[in-house]
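Structural description and commentary
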Amino acid sequence: MSETPATTALEASGLDHEITRHGRVGSLAQAAAARGVEPRDIVKTLVVRRGEGDFLFVLVPGDREISWPKLRAVLGVNRLSMPDAEVAREVTGYERGTITPFGSTTAWTVIADASLSGDPTRRISIGAGAHGVAATVPAEATLAHLDAQVADVTELQE
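Computed from a predicted structure; not experimentally measured. (Residues numbered from 1 in each chain as written. Predicted model: local features only at pLDDT ≥ 70, side-chain atom pairs only at ≥ 80, totals over all residues. Heavy atoms only, no water.)

What to know about the overall build of the protein
Counting secondary structure elements, the protein contains 5 helices and 9 strands. Ordered by position in the sequence, the α and β elements of the protein form the string α-β-α-β-β-β-α-α-β-β-β-α-β-β. On C-alpha atoms alone, the protein measures out to a radius of gyration of 14 Å, which is about the 15 Å that the 2.2 N^0.38 rule sets for 158 residues. Judged by the C-alpha coordinates and their principal axes, the protein covers about 40 × 30 × 30 Å. In the protein, which comprises 158 residues, the share counted as buried stands at 46%. The contacts of the protein with a sequence gap of at least 6 include a subset with a gap of at least 24, amounting to 63%. As displayed, the protein has an accessible area near 7,800 Å², and 48% of this comes from carbon and sulfur atoms. Taking the average location of the 15 positive side-chain charges in the protein and that of its 21 negative ones, the two points are 4 Å from each other. (Helix = DSSP H or I, 4+ residues; strand = E, 2+ residues; numbered from the N terminus. Rg over C-alpha atoms; globule rule 2.2 N^0.38 Å. Buried < 20%, exposed > 50% of the residue type's maximum accessible area, 1.4 Å probe, protein only. Contact = heavy atoms within 4.5 Å. Areas by Shrake-Rupley, 256 points an atom, 1.4 Å probe, with all protein chains shown as cover. Lys, Arg positive; Asp, Glu negative; His and termini not counted. Charge placed at Lys NZ, Arg CZ, Asp CG, Glu CD.)

The following block contains the structure:
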């Protein structure tokens, strides 16, 4: 299969990683099973607009969702929004469902939920730039590589 900017960036990063290609899946549980990880170890990369032309990536574990009040407090802003699909593609180079900080057209700030940090043996699965393509990587090393700000910005999904 063809390489994506994400797989190229992962290769260049020096991070220990394993690429999984499984095609489209219908649920978090299916994605986790296909990647050989727990649902909480699937990491969604969400693009958030802080202001005009100012975006950031938020790394959210699969079993959690952004807590907008927490994220606004961490960033010290009153308003945040999610860009529409076309804007997200323009500012990252990836379509929704494939977005990742790796190989993005712009190296936006990365905020990682605190629940992703603290276990030196934990491996997470993050999108790799195409539907059904993911990279399993060591959580701590990945957050360090991305220079992610680690903060409590999510809550468990109901």
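Focus on the sheet that holds strand β7 (residues 133-138)
In space, the 7 strands of this open sheet follow the order β1-β7-β6-β2-β3-β5-β8, with mixed pairing throughout. Bordering the open sheet on either side are β1 (18-21) and β8 (149-151), each of which pairs with just one other strand. Across the sheet, the mean angle from the axis of one strand to that of its neighbour is 30°, orientation sign disregarded. Across 8 bridges, strand β2 (residues 42-51) lies against strand β3 (residues 54-61) in antiparallel orientation. Within the sheet, the bridge partner assigned to V47 lies in β3 and is F57. Where helix α3 (residues 68-75) meets the sheet, it contacts β2, β3, β5 (109-113) and β8, and its direction lies at approximately 60° from that of β2. (Pairing = 2+ DSSP bridges. Axes fitted to C-alpha atoms, helices over the stretch in contact; angles between N-to-C directions.)

No statement about biological role is implied by the geometric values presented.
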